Amino acid sequence: MIQFLQQLINGLSIGSVYALMAVGYSLVYSIMSFSNFAHGGVIMLGAYFGFFALTLLKLPFIPAFILACAGTTLLAILVERIAYKPLRERNAPFLYFIISAMGASILLENIVIATIGPTFRTYPPVIPRTPIQLGALAVGRLDLIMFFISAVCLTGLILFIEKTKMGKAIQAAAYNIKACALMGVNTDKIILIVFGLGGFLAGVAGVFFGMKYTVYPQIGNITTKSFIAAVFGGLGSLPGAVLGSVLLGTIETLVAGYLSSQFRDLIAFVILIGVLIFRPSGIMGKTTVDKA
Amino acid sequence: MLKIRDLHVSYGGIRALKGISLEVQAGEIVTIIGANGAGKSTLLNTISGFLKPSRGEILYKGSKLAKRPDLVVRSGICHVPEGRLIFANLSVLDNLRLGAYLRSDKKAVLEDLEKVFALFPRLKEREQQMAGTLSGGEQQMLAMGRALMTEGDLILMDEPSLGLAPLLVKTVFEIIETIRSMGKTILLVEQNAFKALAVADRAYVLEQGRIVTSGPVAQIAGDPAVRAAYLGSKSGKSCG
């Protein structure tokens, strides 16, 4: 029982970080109907930004964290302006967006390999490694912080989308971007905000991933799993992305804990294929149909 | 109010509009009739800033009209698109509020909301319902109400009667007249030429990207060529 709870806590903590990444995929998908594969690259650079802010600039943790998030926000917006905006202006088919996204992803990874190098780097020990004892449970401080900050960020995002005028405009654009423009909404600005939000959360996730594991140019590959989580929950749905991520994180840690960590990714992909076969729109995917 | 001069628009390699000139005066209902593919929707989408003209100009209230959809709305033109395009994932109330996206005077917005609810009591009853659950006719009313919330003076309507039952078609045209009586100007694109000519003051007939004839509705409805092509029969009653 103790072991199960322990695994559950680890699962929730890692799942919440998947959620930070997954909502980035979902937000962009909901508006532009393509999967922004460059998102993984932005997360990877978030990990590097945080790492260098701590080691080179010798900033304290919180300013370093904020700097990393500001960096990824700008980077995500830059990717949109360079890789996608020219395609949007030409009304290019969505396949072109996916190819451009893959190109941007490969570009980001190789820029890092060419300039920073392919070596693995370890974050300085900012958060003490000693766990907190809660009765018989030992909870990692980093896991606790990851879970808490992720929950705050995701709640903030959902409140923004649900409660503000701009958030409603984002939802309207997700349903039909042309009709949204007809309401006087500057849809170019909406797209910018969506990429900025995704980029900010990518920074949070990147720093956490760097701290939890190590920093290396292919760290973006991990984000494949958050993409799976987004599909699992229903691509384009924010609550779906969060739910899918938490479920995936939990299942993964339980598999690693009870079966073998070798099986962890295998299970992730089996779930993805299963979802695609039996429920292609995911747990909470868009299913509304237009009436004539 | 709206003046279009020698407008040419091409997209996807097709010359959709080949030199359109037309004018809409304040307070008028002007209709553009024509077959499928004549360029009616293209014309509205160009006015709204979704398509860029290759030649010609659009003047609104004496000055050149902006070429980006949100700026067109800001200058006072709203567009009820073909297929309504209501936000099915949002409530009826949220749909109407989005119409007022650019307005900051909350009191005036609330007053207009009441006006829209007075015009469409069905929307008031369904205020909190997801717009996607509305019937086709209710969705058309929502699309019109949403456009009224933008506070535009000129309303572009694209096929408002499309896909509606005959009884609802009648209601939609009654609403168009009511909206005009509220001080709005309307540019109406319709395939239902018979109904459109009954409600409008003037009409333009669009064929393959060109205006072939125009004038007061009585004159257009009496034109033998128009009658044969768009009113379907000699009596001119079969399209109702």
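In this text, all values refer to a predicted model and were calculated from it rather than measured experimentally.

Engineer: Could you clarify how one ought to interpret the packing of helix α3 (residues 92-99) of chain B against helix α6 (residues 136-148) of chain B in this entry?
Structural biologist: Geometrically, a packed helix pair is captured by the angle between its two axes and the distance between the axes. All names here are of chain B. Relative orientation of the contacting elements α3 and α6 amounts to 35°, with a least axis distance of 7 Å. Read as a crossing pair, α3 and α6 show a hand that is right-handed. Side by side, α3 and α6 meet where V92, N95, L96 and G99 of the first sit next to L142, G145 and R146 of the second. Across the contact of α3 with α6, the residue classes break down as 3 nonpolar, 3 polar and 1 charged.

Engineer: Help me understand the interface of chain B and chain A in this model?
Structural biologist: A common measure of how large an interface is: the accessible area buried when the components associate. Of the residues lining the interface, 30 residues belong to chain B; the matching set on chain A comes to 19 residues. The contact between chain B and chain A buries some 2300 Å² in all, and 63% of this surface belongs to carbon and sulfur atoms. Sorting the residues of chain B by area buried against chain A places L85, F87 and Y101 of chain B first, and these three jointly supply 26% of that buried surface. Across the chain B-chain A interface, the total number found is 1 salt bridge. Linking D94 of chain B and K168 of chain A is a salt bridge whose minimum nitrogen-to-oxygen distance equals 2.7 Å. Viewed at the interface, chain A and chain B are joined by 5 residue pairs in polar contact (both at pLDDT 80 or more). Mapped onto the side of chain B that touches chain A, the elements with two or more residues apiece are α2 (69-74), α3 and α6 of chain B. Class assignment for the residues of the side of chain B that touches chain A results in 14 nonpolar, 10 polar and 6 charged.

Engineer: Before we go on, may I ask you to explain the sheet that holds strand β4 (residues 55-60) of chain B in this structure?
Structural biologist: Strand pairing in a sheet is mediated by backbone hydrogen bonds. Such pairs are either parallel or antiparallel. Residue and element names in this part refer to chain B. Spatially, β2-β1-β4-β5 is the arrangement adopted by the 4 strands of the open sheet, whose pairing is antiparallel. Strand pairing shows two members of the sheet lacking a second neighbour, β2 (14-24) and β5 (63-64), which therefore form its edges. Relative to β5, β4 runs antiparallel, the two sharing 2 bridges. Directly across from Y60, in β5, lies its bridge partner S63. Of the strands in this sheet, β1 (2-11), β2 and β4 touch helix α1 (residues 40-47), which is tilted by about 110° from β1.

Engineer: Help me understand helix α7 (residues 166-181) of chain B, please; the structure alone is not making it clear to me.
Structural biologist: Note on helix geometry: an α-helix contains 3.6 residues per turn, so any two residues three or four positions apart are oriented the same way. Residues and elements named next belong to chain B. A rise of 1.5 Å per residue sets the reference length of α7, with its 16 residues, at 22 Å; its end C-alpha atoms lie 23 Å apart and thus fit the reference within 8%. V169, V172, F173, I175, I176 and I179 are the residues of α7 that are buried. Each buried residue of α7 sits inside an arc of 155° when the element is viewed along its axis, so together they form one side. Along α7, the residues that are exposed and aim more than 90 degrees away from the buried face are L167 and S181. Packing partners of the buried residues in α7 comprise β3 (29-33), α4 (106-119), α6, β7 (154-158), β8 (185-190) and α8 (193-199). Positive phi shows up at G183, right after α7, with a value of about 95°.

Rules behind the numbers
- Note that residues are indexed from 1 along each chain, following the sequence as it is written.
- Labels are handed out in written order, letters beginning with A for the chains and numbers beginning with 1 for the ligands.
- Since the coordinates come from a predicted model, pLDDT governs what is reported: local features require at least 70, and pairs of side-chain atoms require 80 or more to be given and counted, while whole-chain, interface and lining totals use all residues.
- For side-chain calculations, the full set of non-hydrogen atoms in the structure is used, while hydrogens and water are omitted.
- As a rule, the C-alpha atoms of each element are fitted with a line to give its axis, helices using only the stretch in contact, and angles between N-to-C directions run from 0 to 180 degrees.
- Secondary structure counts use DSSP, requiring at least four H or I residues in a row for a helix and at least two E residues in a row for a strand, with both numbered from the N terminus.
- Two helices cross in a left-handed way if the nearer one is turned anticlockwise from the farther one by less than a right angle. They cross in a right-handed way if the turn is clockwise.
- The contact rule is simple, with two residues in contact once any of their heavy atoms fall within 4.5 Å.
- Note that Gly is not counted as nonpolar here; it falls among the polar residues with everything else outside the nonpolar set of Ala, Val, Leu, Ile, Met, Phe, Trp, Tyr, Cys and Pro and the charged set of Asp, Glu, Lys and Arg.
- Simply put, the buried area is the total loss of 1.4 Å probe accessible area from both parts when two parts are fitted together.
- Salt bridge, as applied in this entry: a Lys or Arg side-chain nitrogen positioned within 4 Å of an Asp or Glu carboxyl oxygen.
- Here a polar contact means two N or O atoms within 3.5 Å. Within protein one must be a hydrogen donor candidate and the other an acceptor candidate, and residues neighboring in sequence count only if both atoms are side-chain atoms.
- Two strands are said to pair when DSSP picks up at least two bridges between them.
- The span you would expect from a helix comes to 1.5 Å times its residue count less one.
- Exposure classes here rest on a 1.4 Å probe applied to the protein chains alone. A residue is buried below 20% of its type maximum, exposed above 50%, and partly exposed in between.
- Relevant arc is that of directions from the helix axis to the C-beta atoms, nothing else.

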